[in-house]
Structures are given as C-alpha cells and as structure tokens.
Amino acid sequence: MSKEESSTREFEGNAKIGKVLKNMAAITLRPEDFSSPISLQMALSRMYESLMKIFESGGPKPRYVAEVRFTDDLGNTVSFAVDLGEEIPPFTKDKVKARIIVQLYEEE
C-alpha cells in the first residue's frame, strides 16, 4: 500500500495556546517518583540539577505552544502539544479550534 493507497481520518478538537519555558521540560515528576520517600528525594535532586544546568546555560527560553485535545473513535480524550515557536501566534484568542488529520499507510 503506497501513500496513495492509504486510510485517512480527520478529527476536530480544541487547542489552548500558552507560553512555556522550553528547556524546563527536563524537569518532570513521574508516578514512580512518589513510590517511596527515597524515590522522591532522588527526583527532587534530579530536578535541582536540571534547574542549575538551565540557569548556567543562560536561563529558560520562552516558547509558545498549543495544547491540542480531541476525542478519538473509541471515546478517549487525546492530548498533545504543538510547538508554535518563539513569536506570538497570529490568533486573537488563546482558545482555538484544531483539525487533526491521521493518515495510515504502509512503507515499502
């Protein structure tokens, strides 16, 4: 099946636009970080080290992102982020509509 022989599905959703500090993404907590007091201490140390590296490299860099949400064919809410860059997006509102196109095809 080539790209011409594909299955395409289109979804409608919503997006919320906001500003994030891009290099702060390394600072995360995972569910297993709360499994014990030692795991939490190790996670806090990891976060502290990441913060120190960010500030040593010139500080956090702001970027605009859109958090896109839609409901899939099984009724599950799907959420993902789209990086819109460093410039203010050309929208008048922070909540906009989103069109998600999924194309399935086999590679040769």
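Computed from a predicted model, the values in this text were never measured in an experiment.

Draft legend 1. Region of interest: the overall build of the chain. A count of helices and strands for the chain gives one helix and four strands. In sequence order, the chain lays out its α and β elements as β-α-β-β-β. Taking 13 Å as the expected radius of gyration for a compact globule of 108 residues, we find that the chain reaches 19 Å, considerably beyond that expectation. Along the first, second and third principal axes, the C-alpha atoms of the chain reach 50 × 35 × 30 Å. Taking contacts inside the chain between residues at least 6 apart in sequence as the whole, the part at least 24 apart equals 66%. Surface accessibility of the chain: about 8500 Å² in total, with carbon and sulfur atoms responsible for 56%. Averaged over its 15 positive side-chain charges, the chain has a centre that lies 9 Å from the centre of its 18 negative ones.

Draft legend 2. Broad picture of helix α1 (residues 37-56). In a regular helix each residue adds 1.5 Å, so 20 residues correspond to 28 Å; α1 covers 29 Å between its end C-alpha atoms and thus fits that length. Residues of α1 that are buried: Ser 39, Ala 43, Met 47, Ser 50 and Ile 54. In a view along the axis of α1, the buried residues occupy a sector of 75°, so they form one face of it. Residues of α1 that are exposed and angled more than 90 degrees away from the buried face: Pro 37, Ile 38, Met 42, Tyr 48, Phe 55 and Glu 56. The positive-phi residue at the C-terminal boundary of α1 is Gly 58, with phi of around 110°.

Draft legend 3. Representation of the packing of aromatic side chains. Per the counting criterion, the structure on display carries two aromatic pairs. Arranged with centres 4.9 Å apart and planes meeting at 40°, the rings of Phe 11 and Phe 70 form a pair that is tilted. Of the two residues, Phe 11 is situated in strand β1 (residues 7-21) and Phe 70 in strand β2 (residues 62-71); the sequence distance between them amounts to 59 residues. Classification of Phe 11 as buried rests on a relative accessible area of 10%.

Draft legend 4. Structural view of the sheet that holds strand β3 (residues 77-85). What the four strands build is an open sheet, ordered β3-β2-β1-β4; its pairing is antiparallel. Each having just a single partner strand, β3 and β4 (95-104) make up the two edges of the open sheet. If you compare each strand with its neighbour and ignore which way they point, the axes differ by 35° on average. Here β1 runs beside β2; their pairing, made up of eight bridges, is antiparallel. Directly across from Lys 19, in β2, lies its bridge partner Tyr 64.

Draft legend 5. Seen up close, the pairing of β1. In terms of strand pairing, β1 meets β4 through 10 bridges, oriented antiparallel. Directly across from Glu 10, in β4, lies its bridge partner Ile 101.

Cut-off values and rules
- Residues numbered from 1 in each chain as written.
- Predicted model: local features only at pLDDT ≥ 70, side-chain atom pairs only at ≥ 80, totals over all residues.
- Heavy atoms only, no water.
- Helix = DSSP H or I, 4+ residues; strand = E, 2+ residues; numbered from the N terminus.
- Rg over C-alpha atoms; globule rule 2.2 N^0.38 Å.
- Contact = heavy atoms within 4.5 Å.
- Areas by Shrake-Rupley, 256 points an atom, 1.4 Å probe, with all protein chains shown as cover.
- Lys, Arg positive; Asp, Glu negative; His and termini not counted.
- Charge placed at Lys NZ, Arg CZ, Asp CG, Glu CD.
- Expected span 1.5 Å × (residues − 1).
- Buried < 20%, exposed > 50% of the residue type's maximum accessible area, 1.4 Å probe, protein only.
- Arc of directions from axis to C-beta.
- Phe/Tyr/Trp six-rings, centres within 6.5 Å; stacked < 30°, edge-to-face > 60°.
- Pairing = 2+ DSSP bridges.
- Axes fitted to C-alpha atoms, helices over the stretch in contact; angles between N-to-C directions.

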